[in-house]
There are 2 protein chains.
Amino acid sequence: MAVQSSAVQPSPTAGRHPDFAAQLQHWQARIERELSARLPATDIQPKRLHEAIRYSVLGGGKRVRPALVYATGAALGIPESILDGAACAVELIHAYSLVHDDLPAMDNDDLRRGRPTCHKQFDEATAILVGDSLQCLAFELLTDGPGLPADPGMRLKLVRLLALASGTDGMAGGQALDLAAIGRKLSLAEVEEMHVRKTGALIHACVMMGAACAPQLSENITRALDEYARAIGLAFQIQDDLLDVEGDVAVIGKATGADRALDKPTYPSVAGVEPSRQRMHELHTQALSALARLDAAGLQSAPLAAMSDWLVLRKY
Amino acid sequence: MAVQSSAVQPSPTAGRHPDFAAQLQHWQARIERELSARLPATDIQPKRLHEAIRYSVLGGGKRVRPALVYATGAALGIPESILDGAACAVELIHAYSLVHDDLPAMDNDDLRRGRPTCHKQFDEATAILVGDSLQCLAFELLTDGPGLPADPGMRLKLVRLLALASGTDGMAGGQALDLAAIGRKLSLAEVEEMHVRKTGALIHACVMMGAACAPQLSENITRALDEYARAIGLAFQIQDDLLDVEGDVAVIGKATGADRALDKPTYPSVAGVEPSRQRMHELHTQALSALARLDAAGLQSAPLAAMSDWLVLRKY
């Protein structure tokens, strides 16, 4: 199941970007290797914690966020060898958020990527510590070690971008809004605000962290990447909501209809399914239009365009 | 209660360092103000999370860790105005660890500093998010804003020191060893290892982060500070264990005998009360002896000596 849910879905983007499936598979294999090398070994103490950390991080997943870091690097001509640290760090933040979100006091999920969630496989205390440790490791990996820009100022910027995206203005704040929304009726603007923080902020950070590994970038290109990243961040979460309504549990690897079961407001529950799909495609178009400015500057927008295609057309 | 438990205890150190009580009070007032200025306001969303964050951080406490950052700065002649960021960051990591440790799945404590713990006052999900947000904010505060060294490389080093002290090699790993020890019989070496990680690593980081704000430091002084910091880190936790056996709930602000109730091995439960006290004083002597090298180099060891006196002689 885990392998199945982490497999590449080549078809949707094959038309415009024939090599994208292979490219994505390369990034997914690369991040798996890079993550594994950076996680604590299970033969040193505390072994059970290290085992739970590896279980939670290496259990498959689409690796959307690292792929976005690499795709941004590919667009800007940055070698993968200085993007690995940022790619690992964003995935560790994402992994920690899943482990904590799954806890009984939060979303109380038993299944993740077709396997028992961390607190089901181990225990709640361990799951809390896994999340805490992963967050910390994410920041540590940006300070030193392989896969980073040489300049300390650039590394510091990576830390800052990731911290801002993960905190109360970003992911953690979005999760708080999400919990507060259970059983309430939200306006569409409120749902968007929740999505932008809960998911959009970290997706946005992946692109901006990839960009921060470039020695210098014009204001124009930075703004284009910022617009692209904002658009796909929200589009990604709308597609997640749509898949929760319509998806197939065997493909997604977790229970569908979970948001409805928890009485959580989602984009489709507030706007309706068809308008949600329209909004998602509108955001996709916005993202692609922002990328046109990269091509005009002689950069390669194709990897980022393919990422956007993939994110809105994916089926899991 | 909270005010009482955060008050300075001037008597033990008054003999050797007559001004220390006033100095400590100054640092405690300073960190309270600096923390308050850096925490998210309760009139912006998500308000309940922000309220819980401020409740958890600003609820008193001895502020041992920020005081150690400032004391190290005082020893090395570093202005307080570039130590504030580090002092806030270590306290936020400490505050997050308390909120998560108090959770039902961890130590299940209802009382902290004489007030309901975060999850009792708010709810479990909020307490999880408070801890997650505080960890993140700690790292963010080291990247930019007031109260930091100007050099990005020095800021990056602060992030690294804090991350290493907080993760699986440090605090989170120590907490995992602590949980794994419940109901088990540990050797004294295992108890020390647990204490060194759970408490010692962050105490150690306070001193090394203070030192990292100095433009340059000789190898000799860095080593002396490292020895001092290791010694007081373990001494501090042994005193904590002793207070848990012998302390007065009204002074400490939380239940005493908690370790025994949870069947947790502590220094006194493994070594006995008197040998624990002896070990603590031995560590205190080691710490003071390491400081002698600061005086020999024309630096001011007095603030750090007074901190060590305070930490081993405190009654809460």
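Calculation criteria
- Residues numbered from 1 in each chain as written.
- Chains lettered and ligands numbered in written order.
- Predicted model: local features only at pLDDT ≥ 70, side-chain atom pairs only at ≥ 80, totals over all residues.
- Heavy atoms only, no water.
- UniProt positions renumbered as here; feature names shortened; annotations may be inferred.
- Helix = DSSP H or I, 4+ residues; strand = E, 2+ residues; numbered from the N terminus.
- Buried < 20%, exposed > 50% of the residue type's maximum accessible area, 1.4 Å probe, protein only.
- Contact = heavy atoms within 4.5 Å.
- Areas by Shrake-Rupley, 256 points an atom, 1.4 Å probe, with all protein chains shown as cover.
- Axes fitted to C-alpha atoms, helices over the stretch in contact; angles between N-to-C directions.
- Parallel < 35°, antiparallel > 145°, perpendicular 65-115°, else oblique.
- Nonpolar A, V, L, I, M, F, W, Y, C, P; charged D, E, K, R; others polar.
- Buried area = accessible area lost by both parts, 1.4 Å probe.
- Salt bridge = Lys/Arg side-chain N within 4 Å of Asp/Glu carboxyl O.
- Polar contact = N/O pair within 3.5 Å; in protein donor to acceptor, adjacent residues only side chain to side chain.
- Least-squares fit on C-alpha atoms with pLDDT ≥ 70 in both.
- Lys, Arg positive; Asp, Glu negative; His and termini not counted.
- 1 Å grid on protein atoms, 1.4 Å probe; cavity = no way out; pocket = protein on both sides within 12 Å on 5 of 7 lines; lining within 4 Å.
- Points joined across faces, edges and corners; volume = space filled by probe spheres on them.
- Phe/Tyr/Trp six-rings, centres within 6.5 Å; stacked < 30°, edge-to-face > 60°.
- Lys NZ or Arg CZ within 6 Å of the ring centre and 35° of its normal.
- Bend = angle between axes of the 7 residues up to and from the residue.
- Core = buried A, V, L, I, M, F, W, Y, C linked by side-chain atoms within 4.5 Å.

- An unreviewed UniProt entry annotates chain A as (2E,6E)-farnesyl diphosphate synthase originating from Steroidobacter agaridevorans.
- Its UniProt record gives chain A the following Sequence similarities (unreviewed entry) comment, quoted word for word: "Belongs to the FPP/GGPP synthase family."
- Taken verbatim from the UniProt record of chain A, the Cofactor (unreviewed entry) comment is "Mg(2+)".

## Thoughts on the overall build of chain A
Now for step 1: Per the secondary structure count, chain A includes 17 helices and two strands.
Now for step 2: Considering chain A as a whole, with its 316 residues, one finds that 60% of them fall into the buried category.
Now for step 3: The long-range fraction of contacts in chain A, counting pairs at least 24 apart against all pairs at least 6 apart in sequence, stands at 74%.
Now for step 4: For chain A, the accessible area works out to roughly 11,500 Å², and carbon and sulfur atoms hold 52% of it.

## Section: the packing of helix 9 (residues 152-166) of chain A against helix 11 (residues 188-212) of chain A
Residues and elements named next belong to chain A.
Now for step 1: Across the interface, helix 9 lies against helix 11 with an axial gap of 9 Å and an inter-helix angle of 170°. Compared by their axis directions, helix 9 and helix 11 come out roughly antiparallel. Judged by residue contacts, M154, K157, L158, L161, L162 and A165 of helix 9 engage A201, L202, A205, M208, M209 and A212 from helix 11.
Now for step 2: Within the contact of helix 9 with helix 11, the residues separate by chemical class into eleven nonpolar, no polar and one charged.

## Thoughts on the packing of helix 16 (residues 273-296) of chain A against helix 17 (residues 302-313) of chain A
Residues and elements named next belong to chain A.
Now for step 1: With their axes 10 Å apart at the nearest point, helix 16 and helix 17 run at an angle of 175° to one another. With respect to each other, helix 16 and helix 17 are oriented roughly antiparallel. Residues M280, H281, H284, A287, L288, L291 and L294 of helix 16 pack against L304, A305, S308, D309, V312 and L313 of helix 17.
Now for step 2: Of the residues contributing to the contact of helix 16 with helix 17, the split by class is nine nonpolar, three polar and one charged.

## Focus on the interface of chain B and chain A
Now for step 1: Each partner contributes to the interface: chain B provides 42 residues, whereas chain A provides 42 residues.
Now for step 2: Note on chain B versus chain A: buried area summed over both sides is about 3,500 Å², and carbon and sulfur give 73% of it.
Now for step 3: The interface formed by chain B and chain A holds zero salt bridges in total.
Now for step 4: Between the two partners, chain B and chain A, sit ten residue pairs in polar contact (both at pLDDT 80 or more).
Now for step 5: When residues of the side of chain B that touches chain A are traced back to their parent elements, those giving at least two are helix 4 (47-57), helix 6 (84-101), helix 8 (124-141), helix 9 (152-166) and helix 10 (171-181) of chain B.
Now for step 6: Counting residues per element, the side of chain B that touches chain A draws most heavily on helix 8 of chain B, which supplies ten residues.

## Observations regarding the relation of the copies chain B and chain A
Now for step 1: The two copies are related by a screw operation: chain B maps onto chain A through 180° of rotation and 0.0 Å of translation along the axis, at an RMSD of 0.0 Å. This pairing of chains is accounted for by a two-fold axis. Judged by C-alpha distance, L156(B) is the residue of chain B that lies nearest the rotation axis, at 2.8 Å.
Now for step 2: The share of interface residues of chain B whose copies in chain A are also at the interface is 100%, consistent with both copies meeting through the same surface.

## Topic: the side chain of D132(B)
Now for step 1: Along the polypeptide, D132(B) turns up in helix 8.
Now for step 2: No salt bridge is formed by the buried D132(B). Its closest oppositely charged neighbour is R112(A), at 13 Å.
Now for step 3: Non-local contacts of D132(B), meaning those with residues more than four positions away in its chain, are made with Y96(A), H100(A), D132(A), Q135(A) and H100(B).

## Observations concerning the layout of surface pockets
All names here are of chain B.
Now for step 1: Its boundaries defined by the atoms lining it, the second largest pocket holds a volume of some 470 Å³.
Now for step 2: Those elements giving two or more residues to the lining of the second largest pocket turn out to be helix 9, helix 11 (188-212) and helix 12 (219-246).
Now for step 3: A per-element tally of the lining of the second largest pocket places helix 11 first, with nine residues.
Now for step 4: Tallied by class, the residues present in the lining of the second largest pocket amount to 15 nonpolar, six polar and five charged.

## Re the packing of aromatic side chains
Residues and elements named next belong to chain A.
Now for step 1: On inspection of all chains with the given rule, the structure shows seven aromatic pairs over all chains.
Now for step 2: On the numbers, 5.5 Å between centres and 75° between planes, the contact of Y55 with F122 is edge-to-face. Here the residue Y55 occupies a position in helix 4 (residues 47-57), and F122 occupies one in the loop between helix 7 (118-121) and helix 8 (124-141), the gap between them amounting to 67 residues. Of the two residues, Y55 and F122, both sit in the buried class.
Now for step 3: Geometry around Y55 places R115 over its ring, the cationic atom sitting 3.9 Å from the centre.

## Observations regarding helix 11 of chain A
Now for step 1: Helix geometry: helix 11 of chain A is bent most strongly at G200(A), by close to 50°.
Now for step 2: Most of helix 11 of chain A sits inside the fold, with 19 of its 25 residues counted as buried.

## Thoughts on the nonpolar core
Now for step 1: Among the nonpolar cores identified, the biggest contains 202 residues, and L68(A), L162(A), Y228(A), L68(B), L162(B) and Y228(B) are the most heavily contacted of them.
Now for step 2: Look past the residues within four positions of L162(B) in its chain and what remains in contact with it is A89(B), V90(B), I93(B), A138(B), F139(B), L142(B), L202(B) and M209(B).

## Quick notes on unusual backbone geometry
Now for step 1: Of note, the bond from Q45(A) into P46(A) is cis; its omega dihedral lies within 30 degrees of zero at -10°.
Now for step 2: Examined against the element boundaries, P46(A) turns out to sit in the loop between helix 3 (20-38) and helix 4.
Now for step 3: Despite not being glycine, R113(B) has its phi angle at roughly 55°, a positive value.

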